[in-house]
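Close look at the chain arrangement
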Amino acid sequence: MSLPPQTHLPIPRAQRFPSLPGHYLRYLFGLLFLAGQFFFWVNLPPPAPFVPSPAGVTNFSGVGWSATWEWLFYGRRPAPSIPHRPQESLPPSEPSGPSSPAPAYEGVVAIIIDDLGFVEKPTEAFWALDIPLTFAVLPWGRYSASHAREALRRGQEVILHLPIEPLDPQTDPGPGALRTSQAPEEMRLRIRKNLKAVPGIVGVNNHMGSKGTQDRAMMELLMTELQKEGLFFIDSMTIHTSVAWSVAREYGVPTARRDVFLDGLGVERIPDQIEVLIEKALAHGSAIGIAHTRPGVAEALAEALPRLAAAGIKLVHVSSLVQ
């Protein structure tokens, strides 16, 4: 059998898609590009600004191919990493001016005001003095408790002004006085009652006592009670032969002695006595002055304050000077 004759017709090619004009393709690709940009703009965070990293630290903005793949494969937006913040150098602090040096004091003075508790107006005049003062309050007076509380309220120091027998039998030291004729138990009971009669006391000084402070047995009994209560004793030195100061030291009671009676020669002589007090403070480093609640004393002390300051004297409570 013979083969069919060959024809010269071309074999038909495979069917093609209908071709599109070139400008339509460009429009299509442009729309796809814009859609992709909008897609990534909505779903991905903006890139963090680039900050140079210090040596050895990798800086990753949180956006890029790794962020894109994280979103595509895990379905979550990547948390942008916080870029390393370069350490900011603080502006140099301005040099402060020279600090004011503490005032140099040449001496220290404590002033005790005796006899509070029985007179009102002269005592109230001292409330206006804005200086450290120690107020010695007599027991059993009409104003004893109120004067002590007012002094404490004003930040002042309060001690008991303990009445002790004087040499002159005609002179009455006041209620609660200690007398050499008393039995030791009676004397001890009076001491304890007197200590409780004035609120807020931190120490004791003697009112009168030119006889009692020479009696060693009385002073030993007194210092025993003060040592138990943790109180100090100031010897007012109403007589130069007093043994109170030395007995206090023997019994471990903090103590000191009066140097000058500021109004002992009268109120008008207070400026002169202030000069004596200053001289003693400058010579020995410290001194104790005693004044009383008499009319005009507070005003005289106020007038003396500039002189004390000019001499380089620091005023303190008497508790600062006991040893």
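Data block above holds the structure.
What this report covers is the structure whose coordinates are included nearby. (Residues numbered from 1 in each chain as written. Predicted model: local features only at pLDDT ≥ 70, side-chain atom pairs only at ≥ 80, totals over all residues. Heavy atoms only, no water.)

Let us look at the overall build of the chain. Scanning the chain from N- to C-terminus turns up nine helices and nine strands. Each of the 323 residues in the chain was classed as buried or not, and the buried ones make up 38%. Across the chain, every contact between residues at least 6 apart in sequence was considered, and the portion connecting residues at least 24 apart equals 69%. Entry remark: accessible area of the chain is about 20200 Å², with carbon and sulfur atoms responsible for 59%. (Helix = DSSP H or I, 4+ residues; strand = E, 2+ residues; numbered from the N terminus. Buried < 20%, exposed > 50% of the residue type's maximum accessible area, 1.4 Å probe, protein only. Contact = heavy atoms within 4.5 Å. Areas by Shrake-Rupley, 256 points an atom, 1.4 Å probe, with all protein chains shown as cover.)

Okay, the packing of aromatic side chains next. If you walk through the whole model with that rule in mind, you get two aromatic pairs. With a centroid separation of 6.3 Å and 80 degrees between ring planes, the pair formed by Phe126 and Phe135 is classed as edge-to-face. The exposure class of Phe126 is buried, given its relative accessible area of 1%. Summarising the aromatic geometry, the rings of Trp127 and Phe135 are spaced 5.3 Å apart at their centres and angled 65 degrees between planes, so their arrangement reads as edge-to-face. Residue class for Trp127 comes out buried when judged on its relative accessible area of 13%. Assessed through its relative accessible area of 0%, Phe135 is described here as buried. By the ring-pair criterion, three or more aromatic residues cluster together here, those being Phe126, Trp127 and Phe135. Looking at Arg257, its charged tip hangs above the ring of Trp245, at a distance of 3.7 Å from the centre. (Phe/Tyr/Trp six-rings, centres within 6.5 Å; stacked < 30°, edge-to-face > 60°. Lys NZ or Arg CZ within 6 Å of the ring centre and 35° of its normal.)

What follows deals with the nonpolar core. Here is a general trend for soluble globular proteins: nonpolar side chains tend to be buried in one another's company. Ile113, Phe126, Met223, Leu226 and Leu301 are the most contacted members of the largest nonpolar core, which has 54 residues in total. Residues contacting Leu226, with those up to four places away along its chain left out, are Leu195, Val204, Leu231, Phe232, Phe233 and Val253. The next biggest cluster of nonpolar side chains, apart from the first, holds 13 residues, and it includes Ile159, Phe232, Ala256 and Ile290. (Core = buried A, V, L, I, M, F, W, Y, C linked by side-chain atoms within 4.5 Å.)

Glancing now at helix 9 (residues 297–310). Given a rise of 1.5 Å per residue, 14 residues ought to cover 20 Å, and the 21 Å separating the end C-alpha atoms of helix 9 matches this to within 8%. Phi for Gly312, located one or two positions after helix 9, is positive at around 75 degrees. (Expected span 1.5 Å × (residues − 1).)

By the secondary structure assignment, Thr134 is in strand 2 (residues 134–137). Assessed through its relative accessible area of 0%, Thr134 is described here as buried. Engagement of the side chain of Thr134 in a polar contact is seen with the side chain of Glu157, the distance being 3.0 Å. If we skip the residues at most four places from it in the chain, Thr134 touches Ile111, Ile112, Ile113, Glu157, Ile159, His317 and Val318. (Polar contact = N/O pair within 3.5 Å; in protein donor to acceptor, adjacent residues only side chain to side chain.)

Between its first and last C-alpha atoms helix 5 (residues 184–197) spans 20 Å; for 14 residues at 1.5 Å apiece the expected length is 20 Å, and the two agree. Among the residues of helix 5, those classed as buried are Met187, Arg188, Ile191, Asn194, Leu195 and Ala197. Packed against the buried residues of helix 5 are strand 3 (157–164), strand 4 (203–208) and helix 6 (216–229).

Here the focus is the pattern of salt bridges. Pairing is possible between side chains that carry opposite charge, provided their charged atoms lie close to one another. One pass over the structure, following the stated rule, counts 14 salt bridges. Ionic pairing is found between Arg153 and Glu150, a salt bridge with its closest N-O pair at 2.8 Å. Here Glu150 and Arg153 lie together in helix 4 (residues 144–153), a separation of three residues that amounts to about one turn. Put simply, Glu185, Arg188, Arg192, Glu225 and Lys228 are held in one network by salt bridges that share partners. (Salt bridge = Lys/Arg side-chain N within 4 Å of Asp/Glu carboxyl O.)

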